[in-house]
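As a plain string of letters, each chain reads:
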Amino acid sequence: MKTWVLFLAMLFMLSCDEERESYVFAYGAEVKFQPGNRYVSEDNALVLQINRISDSRCPEGAYCFWQGEVSVYWYLNQDKTEELVLRSHFKPVDTVGVHLFRLIDVKPYPKLNREIADSERVVTMRIDKLGN
């Protein structure tokens, strides 16, 4: 059931955004991604979009017993629609199909008593195509 919901959400996202601009990214470079935008690889083999960001990093101005982490949830489509989750602490690197994803940074860093809007967030990631 979860797979069908994910598939339908991705299908809806890709089919209803005819007027939305897609941003092209290059393999092997550190690229900045923002929520709400759709990104396409330079060879058109990969389409991805940030689904959501969960940030539990210890905010500046707070005392924490653990550093926390930020998780970035992606919808991606190469040969099929999948969800990719990269976590700053436990899983910053993952491979899906022929693509290697490396989470580098998520900005801005949280501050105590300040909400961060999605429009302010910037995710820096590097994507490599294996076999190249």
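Residues numbered from 1 in each chain as written. Predicted model: local features only at pLDDT ≥ 70, side-chain atom pairs only at ≥ 80, totals over all residues. Heavy atoms only, no water.

## So, the environment of D105
Now for step 1: Looking at the element boundaries, D105 is found in strand 8 (residues 99-107).
Now for step 2: For D105, a relative accessible area of 27% puts it in the partly exposed group.
Now for step 3: For the pair D105 and K32, spaced 73 residues apart in sequence, the C-alpha to C-alpha distance is 9.2 Å.
Now for step 4: Each residue touching D105, except ones within four places of it in the same chain, is listed here: R57, V122, V123 and T124. (Helix = DSSP H or I, 4+ residues; strand = E, 2+ residues; numbered from the N terminus. Buried < 20%, exposed > 50% of the residue type's maximum accessible area, 1.4 Å probe, protein only. Contact = heavy atoms within 4.5 Å.)

## Concerning the confidence of the model for the protein
Now for step 1: On average, residues of the protein score 86 in pLDDT, and 84% of them are at 70 or above.
Now for step 2: Throughout residues 4-12 the model reports pLDDT below 50, and contacts reaching past four residues in sequence, or to other chains, amount to eleven contacts.
Now for step 3: Under a pLDDT of 50 for its full length, residues 14-19 has, in the predicted model, four contacts with residues more than four places off or in other chains. (pLDDT = per-residue confidence, 0-100.)

## Things to note about a nonpolar patch on the surface
Now for step 1: Together, F65, W66 and F90 line one region of the surface with nonpolar side chains, adding up to about 460 Å² of accessible area.
Now for step 2: In this structure, F65 sits in the loop between strand 4 (47-55) and strand 5 (70-77). (Patch = residues over 30% accessible without salt bridge, like charges linked within 9 Å, V, L, I, M, F, W, Y side chains within 5 Å. Areas by Shrake-Rupley, 256 points an atom, 1.4 Å probe, with all protein chains shown as cover. Salt bridge = Lys/Arg side-chain N within 4 Å of Asp/Glu carboxyl O.)

## Overview of the state of the cysteines
Now for step 1: According to the stated counting rule, one finds one disulfide in the structure shown.
Now for step 2: Two residues share a disulfide in this structure: C58 and C64, whose sulfurs sit 2.0 Å from each other. In this structure the cystine formed by C58 and C64 twists about its S-S bond by roughly 85 degrees; its chirality is therefore right-handed.
Now for step 3: What makes C58 buried here is its relative accessible area of 14%. (Disulfide = S-S within 2.5 Å.)

## Here's the deal with the pattern of salt bridges
Opposite charge on two side chains permits them to pair, given that their charged atoms come into close proximity.
Now for step 1: Counted according to the given criterion, the structure contains nine salt bridges.
Now for step 2: Residue D105 is joined to K107 by a salt bridge in which the shortest nitrogen-to-oxygen separation is 3.6 Å.
Now for step 3: A salt bridge links R114 to E120; the shortest N-O distance between them is 2.5 Å.
Now for step 4: Take E120: its relative accessible area is 32%, and that puts it in the partly exposed class.

## Let's talk about the sheet that holds strand 6 (residues 81-87)
Strands belonging to one sheet form pairs held by backbone hydrogen bonds; the direction of such a pair is parallel or antiparallel.
Now for step 1: Spatially, 1-3-4-5-6 is the arrangement adopted by the five strands of the open sheet, whose pairing is mixed. This sheet does not close on itself; its edge strands, each paired only once, are strand 1 (22-25) and strand 6. Across the sheet, the mean angle from the axis of one strand to that of its neighbour is 30 degrees, orientation sign disregarded.
Now for step 2: Strand direction decides the pairing type here: strand 3 (residues 38-41) and strand 4, joined by three bridges, are antiparallel. When the bridges of strand 4 are listed, R38 appears paired with Q49. (Pairing = 2+ DSSP bridges. Axes fitted to C-alpha atoms, helices over the stretch in contact; angles between N-to-C directions.)

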